[in-house]
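Breakdown of the fold
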Amino acid sequence: MEHDVIVIGSGAAGLTAALALAEKCRVLVLAKGTLASGSTAWAQGGIAAVLDAGDTFEDHVRDTMVAGAGLNRRETVEFVIERAPHVIDRLVELGVPFNTDGETLHLTREGGHSHRRIVHVNDATGWAVHAALLKAAEEHPNITLRAGQTCIDLITGRHEQRYSGSGRVWGVYALDEASGKVEAHVGRATVLATGGAGRVYQFSTAPRGATGDGIAMAWRAGARVGNMEMMQFHPTCLYNLEVKNFLITEAVRGEGGRLINPRTGKRFMEFYDAERMELAPRDVVARAIDSEIKKYGLDYVHLDISHMPADFVRGHFPTICEKLLELGIDMTRQPIPVVPAQHYTCGGVMIDLDGRTDLPGLYAAGECTESGLHGANRLASNSLLECFVFGEAAARHILANWDGFAEPPRVRPWDESRVTNSDEEVVIKQNWTEIRRFMWNYVGIVRTTKRLERAQHRIALLFGEIDDYYGQFRVTTDLIELRNLLHSADLIVRSALRRHESRGLHFTLDYPQTRSVAKDTILVP
Ligand SMILES: Cc1cc2nc3c(=O)[nH]c(=O)nc-3n(C[C@H](O)[C@H](O)[C@H](O)COP(=O)(O)OP(=O)(O)OC[C@H]3O[C@@H](n4cnc5c(N)ncnc54)[C@H](O)[C@@H]3O)c2cc1C
């Protein structure tokens with residue numbers, strides 16, 4: 001099929017890029033699973049934008065850089081924040097039903113923000129935003145959406161029929177999940193919008209498909225990745241043995257929720273950040289909860305908003321109230337048991353302000369990137385914003401330079417010589433579980449060099465096993481994801497070992513100090 005641009009991913013970043021590109025090009029959007037299976041539809045809190053009269057861009061920039069512990073690139077932070085009001089206007093045009101206060105948009109507040117500046121749709125913002133973007137994409141004649149396509153590897157000069165060996169990206173090989181066939185999709189440009197790598201950890205709020213595929217694909221193709229050690233752990237994920245990844249939004253603390261040690265019955269944030277208490281940035285709150293859990297041998301701590309009027313709680317958090325009621329917890333009267341869980345991948349494929357990666361023809365946007373916005377820690381509700389800004393920036397750059405993009409060459413079809421189906425699915429399952437468990441235990445909220453080295457040792461063993469397996473058998477989505485999960489784990493551990501300080505989300509007992517100069521950890525293939 002003829003397409004001008006291939007977009008990999010149908011979340012906020014991918015659909016934003018596709019809609020902007022479709023003004024002039026024919027766009028193919030590929031997604032594994034369903035079109036709504038990324039993190040975007042799961043976002044609860046909202047989107048940060050300076051819209052209040054008392055708020056300023058400078059304040060939003062400062063809050064972002066304080067959360068990011070100075071590792072952010074100021075140029076990127078300003079670029080994104082100054083575009084936020086335009087992003088919100090555009091989403092309103094697309095029909096996103098943001099909550100309002102009379103004539104103006106209702107703004108809520110979240111940890112680390114010095115003002116109310118979070119635009120939201122109740123507590124299910126991502127779902128509403130994704131629905132609006134998807135509807136617009138489905139209705140656009142220049143956009144073809146294909147679900148059930150697990151992309152395997154980027155097509156570069158190494159796959160041209162007349163081998164050039166160059167790093168120029170021409171598209172991607174993708175497994176059609178229904179037929180089991182692998183197709184080559186080529187275009188003049190490719191946009192990577194594959195989301196994060198959260199599922200590398202045993203406890204994560206991210207969806208099942210967040211296996212770092214795009215980061216791993218770009219790395220294998222020769223692109224640099226940055227700051228992969230900066231993994232954000234959300235402080236408050238519901239503790240429930242069956243529902244393993246239900247997030248309790250930051251806004252519950254923003255609207256007065258208190259963290260309480262169930263053993264002592266007392267609020268504990270005053271021992272960790274007496275000034276900001278529950279509204280301290282996520283890394284501070286997550287470490288405080290982790291410390292209380294370890295110190296008192298707890299399974300969880302309590303998040304309590306039952307002192308607020310029941311109507312207020314139900315009005316602000318209808319989705320969470322309903323979900324918890326199904327599980328027998330009435331948050332208007334009872335505290336919620338919570339634990340920290342991996343939540344956001346701050347690092348990723350290095351991009352510039354036009355969404356360009358190191359590889360000609362390859363752009364990237366959203367959670368799979370390292371744009372310089374988040375630094376050592378993401379400020380709440382800045383990530384959806386990043387998706388819209390860079391999805392659009394990448395599209396604009398492609399369109400502005402369209403004449404410079406050559407027609408794709410003929411490329412080699414996927415090597416179908418591996419026709420044997422594996423008869424040992426258990427190996428894949430076992431390796432998935434192993435990676436996720438040692439990453440949680442050794443590369444989690446509090447790190448040491450010894451623990452990181454233990455993880456690295458296991459990764460080296462698994463590389464041998466998984467490469468062997470990958471080389472022998474017909475590819476499946478599980479196997480493709482396992483390989484990417486391992487590459488992502490490797491990038492995280494190598495980056496963490498390189499950072500000889502504690503900064504933002506990277507906290508190591510061996511280097512507790514923060515160095516005077518903030519430096520990115522950049523891995524070069
Ligand atoms: C529970 C939760 C709550 C959150 N709340 C907020 C919030 O309130 N505000 C905020 O700003 N951020 C929030 N975030 C973060 C935010 O949702 C994400 O950072 C953002 O949605 C990422 O969008 P994306 O387009 O980069 O990727 P995603 O939305 O994750 O989409 C990734 C896409 O890539 C596709 N894909 C991945 N691998 C492949 C492959 N190999 N082949 C083909 N397709 C592939 C997926 O199918 C999917 O379509 C939250 C995240 C979670 C998990």
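Below you will find a few notes about this structure.

A short note on the overall build of the protein
Of the regular secondary structure elements, the protein holds 13 helices and 21 strands. Rg of the C-alpha trace for the protein: 22 Å, near the compact-globule value of 24 Å for 525 residues, within the 12% margin. With the principal axes as the frame, the protein shows a C-alpha extent of 70 × 55 × 50 Å. Across the 525 residues in the protein, those meeting the buried criterion constitute 60%. Restricting to contacts in the protein with at least 6 residues of sequence separation, those with at least 24 account for 73%. Separation of charge centres in the protein, based on 58 positive and 67 negative side chains, amounts to 4 Å.

Some thoughts on the nonpolar core
Counting residues in hydrophobic clusters, the biggest one holds 129 residues, and the most contacted among them are L21 and M439. Excluding its chain neighbours within four sequence positions, the residues that come into contact with L21 are V5, V7, V27, V191, A395, I398 and L399. In terms of nonpolar packing, the next biggest core, distinct from the first, is built from 30 residues, V252, F268, I336 and V338 among them.

A closer look at the pattern of salt bridges
For the structure shown, the criterion picks out 36 salt bridges. The salt bridge involving E481 is made with K32; its shortest N-O contact spans 2.7 Å. Taken together, the positions of E481 in helix 13 (residues 477-498) and K32 in the loop between strand 2 (27-30) and strand 3 (47-48) put the pair 449 residues apart, joining distant regions of the chain. Relative accessible area serves as the criterion here: at 3%, E481 is assigned to the buried category. Overall, the relative accessible area of 18% leaves K32 in the buried class. Put simply, D311 and R314 hold a salt bridge, and the shortest N to O gap is 3.3 Å. A residue pair is termed a helical-turn pair when its members lie 3 or 4 positions apart in one helix, as D311 and R314 do in helix 8 (residues 310-316) at three residues. Shared partners join several salt bridges into a network, and the residues in it are K32, R208, D213, D478 and E481.

Observations concerning the site of the ligand
As a matter of local geometry, the ligand sits amid 38 residues, with T40, G46, D213, E367 and S383 nearest to it. Q44 has a polar backbone atom sitting 3.4 Å from a nitrogen atom of the ligand. Within the side chain of S383, a nitrogen or oxygen atom sits 2.7 Å from a nitrogen atom of the ligand. Within the residue set of the shell around the ligand, elements represented by two or more residues are helix 1 (12-21), strand 9 (149-155), strand 17 (336-345) and helix 10 (383-400). A class-by-class count of the residues in the shell around the ligand yields 14 nonpolar, 20 polar and four charged.

Looking at unusual backbone geometry
Positive phi values are uncommon outside glycine, yet A69 reaches one of about 50°. Residue placement: A69 occurs in the loop between helix 2 (57-67) and helix 3 (74-93). For A69, a relative accessible area of 25% gives the class partly exposed. Its identity is not glycine, yet N227 carries a phi of approximately 50°, on the positive side. As for its position among the elements, N227 is in the loop between strand 13 (225-226) and strand 14 (231-238).

Here's the deal with the sheet that holds strand 18 (residues 348-350)
Ordered by their spatial adjacency, four strands build an open sheet running 20-18-13-21, and the pairing between neighbours is mixed. Only two strands of the sheet have a single neighbouring strand rather than two, namely strand 20 (369-370) and strand 21 (522-523). Sheet topology note: the strand 13/strand 21 ladder contains two bridges and is antiparallel. Paired with G226 across the strands is I522, a residue of strand 21. Helix-sheet contacts for helix 5 (residues 213-221) involve strand 13, strand 18 and strand 21, and the interaxial angle to strand 18 is about 45°.

Some remarks on the environment of L462
By secondary structure assignment, the location of L462 is in helix 12 (residues 449-472). For the pair L462 and R483, spaced 21 residues apart in sequence, the C-alpha separation works out to 9.5 Å. Excluding residues within four positions of it along the chain, L462 makes contact with N431, E434, I435, F438 and L486.

Concerning the state of the cysteines
The tally for this structure, following the rule as stated, stands at zero disulfides. You can see C25 has no disulfide; the closest cysteine sulfur is in C151, sitting 18 Å from it. Considering cysteine sulfurs only, C387 is the nearest to C368, which forms no disulfide, with 8.7 Å between them. Judged by its relative accessible area of 0%, C368 falls in the buried class.

Details of the sheet that holds strand 19 (residues 362-364)
Taken together, the five strands give an open sheet; going across it, the order is 8-2-1-12-19, and neighbouring strands pair in parallel fashion. Pairing within the sheet leaves two strands with one partner each, and these edge strands are strand 8 (143-146) and strand 19. Pairs of neighbouring strands in the sheet enclose a mean axial angle of 20°, with direction left out of account. Bridge count between strand 2 and strand 8: four bridges; the pairing is parallel.

Some remarks on the packing of aromatic side chains
Counted according to the given criterion, the structure contains ten aromatic pairs. Ring geometry for F79 against F390: centres 5.7 Å apart, planes inclined by 45°, an arrangement best described as tilted. Here F390 lies in helix 10 and F79 lies in helix 3, a separation of 311 residues in the sequence. Here F79 falls in the buried class, since its relative accessible area comes to 15%. Pairing Y239 with Y300 gives two aromatic rings, centres 5.1 Å apart and planes at 35°, and the pair type is tilted. A residue pair is termed long-range when its members are at least 10 positions apart, and Y239 in the loop between strand 14 and helix 6 (251-254) and Y300 in the loop between helix 7 (282-296) and strand 16 (301-304) qualify at 61 residues. The exposure class of Y239 is partly exposed, given its relative accessible area of 24%. One aromatic cluster is present, built from ring pairs that chain together Y201, F203, F233 and W440. Note that R168 overlies the ring of W170, its terminal NZ or CZ placed 3.9 Å from the centroid.

Some remarks on the pairing of strand 9
Burial within strand 9 is extensive, with seven of its seven residues counted as buried. Inspection of the sheet shows strand 9 paired to strand 10 (residues 171-176) by six bridges, in the antiparallel sense. Within strand 10, the residue paired with T150 across the bridge is L175.

Calculation notes
Residues numbered from 1 in each chain as written. Predicted model: local features only at pLDDT ≥ 70, side-chain atom pairs only at ≥ 80, totals over all residues. Heavy atoms only, no water. Helix = DSSP H or I, 4+ residues; strand = E, 2+ residues; numbered from the N terminus. Rg over C-alpha atoms; globule rule 2.2 N^0.38 Å. Buried < 20%, exposed > 50% of the residue type's maximum accessible area, 1.4 Å probe, protein only. Contact = heavy atoms within 4.5 Å. Lys, Arg positive; Asp, Glu negative; His and termini not counted. Charge placed at Lys NZ, Arg CZ, Asp CG, Glu CD. Core = buried A, V, L, I, M, F, W, Y, C linked by side-chain atoms within 4.5 Å. Salt bridge = Lys/Arg side-chain N within 4 Å of Asp/Glu carboxyl O. Near = heavy atom within 4 Å. Polar contact = N/O pair within 3.5 Å; in protein donor to acceptor, adjacent residues only side chain to side chain. Nonpolar A, V, L, I, M, F, W, Y, C, P; charged D, E, K, R; others polar. Pairing = 2+ DSSP bridges. Axes fitted to C-alpha atoms, helices over the stretch in contact; angles between N-to-C directions. Disulfide = S-S within 2.5 Å. Phe/Tyr/Trp six-rings, centres within 6.5 Å; stacked < 30°, edge-to-face > 60°. Lys NZ or Arg CZ within 6 Å of the ring centre and 35° of its normal.

So far we have only geometry, and geometry alone does not tell us how the molecule works.
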